[in-house]
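Next come the chains, spelled out residue by residue.
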Amino acid sequence: MEYKQREYPLFSACGLNCGLCPRYQMNGASQCPGCAGKDFLARHPKCGVLSCSQRKGFAYCYQCDEFPCSKYDGADQSDSFITHLHQFRDLEKAKRWGIDAYRQELNEKVGMLEQLLANYDDGRRKSLFCLAVNLLETDDIKHILEQLTSEIQSDAPLKERAASAVCLLQAMAEQRKITLKLRKKSKL
């Protein structure tokens, strides 16, 4: 199926925050363009959920009377490149707030992730930063960025800045009882 390019590929039809995915936040041939973003099929496998939503004329699955359907069975039990842990929560948030308000929050989070990647990624932290920004609340990430800006010298070695960012993110996650690890699909 040929997908119609989506206006806002950073939030997927199924509720994943594509803009916070390591594959979206990379450069090169394997960069993902987000949900039905430009050249989606060239870089991403076919997606049954996206096919269904587009066939039914919905931008997001929560707009469908059948949501959540059988396509979502076990969807939040394991992760891919991006966490699926808040998939249903984020769809519900978009439905309750309205998609424009949800997009505003997601855009803010994408900006904060890009700030972390530009200033604190020593080449080994992208997945952790993506996961933390996805799972922690916006105010938590803002607070951490403020701490990093005020406590870490901008000319400090990158390795030191990265370690400080990781320490603060892990401490906040621990405080919120959040595990900053992708969950692998269990083998049967």
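Residues numbered from 1 in each chain as written. Predicted model: local features only at pLDDT ≥ 70, side-chain atom pairs only at ≥ 80, totals over all residues. Heavy atoms only, no water.

Under an unreviewed UniProt entry, the name given to the protein is DUF3795 domain-containing protein, and the organism recorded is Desulfitobacterium hafniense.

Colleague: Could you give an account of the nonpolar core, naming the residues involved and the relevant values?
Modeller: Ranked by size, the top nonpolar core spans 46 residues in total, and within it Phe11, Leu106, Leu116, Phe129, Leu136, Leu148 and Leu169 carry the most contacts. Breaking this core down by element, the ones donating at least two residues are helix H3 (87-97), helix H4 (99-120), helix H5 (126-135), helix H6 (138-151) and helix H7 (158-175). Counting residues per element, this core draws most heavily on H4, which supplies 9 residues. Beyond its immediate sequence surroundings of up to four residues, Leu148 is in contact with Leu116, Tyr120, Ser164, Ala165 and Leu168. Membership of the second largest hydrophobic core comes to 7 residues, among which are Tyr3, Cys35, Ala36 and Phe40. (Core = buried A, V, L, I, M, F, W, Y, C linked by side-chain atoms within 4.5 Å. Buried < 20%, exposed > 50% of the residue type's maximum accessible area, 1.4 Å probe, protein only. Helix = DSSP H or I, 4+ residues; strand = E, 2+ residues; numbered from the N terminus. Contact = heavy atoms within 4.5 Å.)

Colleague: Quick one: what's the story with the packing of aromatic side chains, residue by residue and with numbers?
Modeller: One pass over the full model with this rule turns up 8 aromatic pairs. Judged by centre distance (5.1 Å) and plane angle (90 degrees), the ring pair of Phe67 and Tyr72 falls under edge-to-face. Given a relative accessible area of 25%, Phe67 falls into the partly exposed group. When the ring of Phe67 is compared with that of Phe88, the centres are 6.1 Å apart and the planes differ by 45 degrees; the resulting orientation is tilted. Taken as a pair, Phe67 in the loop between helix H2 (48-56) and H3 and Phe88 in helix H3 lie far apart in primary sequence, 21 residues in all. Taking the relative accessible area as the measure of exposure, Phe88 reaches 25% and is therefore partly exposed. When the ring centre of Phe81 is taken as origin, the NZ or CZ atom of Arg23, which lies over that ring, is 5.1 Å away. (Phe/Tyr/Trp six-rings, centres within 6.5 Å; stacked < 30°, edge-to-face > 60°. Lys NZ or Arg CZ within 6 Å of the ring centre and 35° of its normal.)

Colleague: Could you give an account of the pattern of salt bridges, naming the residues involved and the relevant values?
Modeller: Applying the stated criterion to the full structure yields 11 salt bridges. When the shortest N-O distance is used, the salt bridge between Glu92 and Arg96 registers 4.0 Å. Taken together, the positions of Glu92 and Arg96, both in helix H3 and 4 residues apart, correspond to about one turn of that helix. You can call Arg96 exposed: its relative accessible area is 55%. With a closest N to O distance of 2.8 Å, Arg176 and Asp140 form a salt bridge. Of this pair, Arg176 sits in the segment after H7 while Asp140 sits in helix H6, and the two are 36 residues apart along the sequence. Overall, Arg176 belongs to the partly exposed group, its relative accessible area being 41%. One network of salt bridges, with partners in common, ties together Arg89, Asp90 and Glu137. (Salt bridge = Lys/Arg side-chain N within 4 Å of Asp/Glu carboxyl O.)

Colleague: Tell me about H4, residues and numbers included.
Modeller: Between its terminal C-alpha atoms H4 stretches 31 Å, which fits the 32 Å expected from 22 residues at 1.5 Å a residue. Taken as a whole, H4 has its buried residues at Ile99, Tyr102, Arg103, Glu105, Leu106, Lys109, Val110, Met112, Leu113, Leu116, Leu117 and Tyr120. (Expected span 1.5 Å × (residues − 1).)

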